Amino acid sequence: MEKYQELYNTFIDNYKKTETPPSEVGEVLARIASLYPNYNISVVKAENAFNLIHKEIAEKVDDSGKNISSAKAEVIAKATPEALDFKMSSCHISNIEMLISSLKFLQKSLEVEYSNSNLS
């Protein structure tokens, strides 16, 4: 399991058990957001590795000695481990962005709840 998933799952487990102040949400939000740059860099590296393998495949010739068509090269390249790494890296970025959005919404909701409960 990825670190961001562990952080989020641990937070949610604790959130279900006890009252959670907005500052705790902010802390886990910051911790998850701090992982974003490393995953972002991994996307760039994975995309570069995929592009290099795609280029290599596109430059090959088939059994008849003809250049491989760009469509065939694309299909072959998409089935490589480099393509999977690129997709997985992109998926992690999307997951982190979704968790950040979710935590921001929760934090705002808790802030409103806390401010309303202090008025009573």
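Above this text you will find the structure in question.
Looking now at the overall build of the chain. Each helix and strand counted, the chain has five helices and zero strands in total. For the chain, the N- to C-terminal ordering of α and β elements is α-α-α-α-α. Expressed along its principal axes, the backbone C-alpha trace of the chain runs to roughly 80 × 20 × 20 Å. Counting only residues that meet the buried cut, the chain has 29% of its 120 residues in that class. With 13 positive and 17 negative side-chain charges, the chain shows a separation of 4 Å between the mean positions of the two kinds.

Position of K3 among the secondary structure elements: in helix α1 (residues 3-17). Between the C-alpha atom of K3 and that of I32, which follows or precedes it by 29 residues, the distance is 8.3 Å. Residue contacts for K3: discarding those within four places in its chain leaves L35 and Y39.

Attention now goes to the nonpolar core. Side chains of a nonpolar character, in soluble globular proteins, are inclined to be buried together. In terms of nonpolar packing, the biggest core is built from 19 residues, with Y4, F11, I32 and L103 touching the most fellow members. Of all the secondary-structure elements, those providing two or more residues to this core are α1, α2 (22-33), α3 (36-58) and α5 (81-119). In terms of residue count, the dominant contributor to this core is α5 (seven residues). When residues no more than four places from it in sequence are discounted, the contact partners of I32 are Y4, L7, Y8, I96, I100 and L103.

To continue, consider the pattern of salt bridges. One pass over the structure, following the stated rule, counts two salt bridges. Across the pair K78 and E74 runs a salt bridge, and its minimum N-O distance is 3.7 Å. Placement of both K78 and E74 in helix α4 (residues 70-78) is noted, with a separation of four residues, approximately one turn of the helix.

Conventions adopted
Residues numbered from 1 in each chain as written. Predicted model: local features only at pLDDT ≥ 70, side-chain atom pairs only at ≥ 80, totals over all residues. Heavy atoms only, no water. Helix = DSSP H or I, 4+ residues; strand = E, 2+ residues; numbered from the N terminus. Buried < 20%, exposed > 50% of the residue type's maximum accessible area, 1.4 Å probe, protein only. Lys, Arg positive; Asp, Glu negative; His and termini not counted. Charge placed at Lys NZ, Arg CZ, Asp CG, Glu CD. Contact = heavy atoms within 4.5 Å. Core = buried A, V, L, I, M, F, W, Y, C linked by side-chain atoms within 4.5 Å. Salt bridge = Lys/Arg side-chain N within 4 Å of Asp/Glu carboxyl O.

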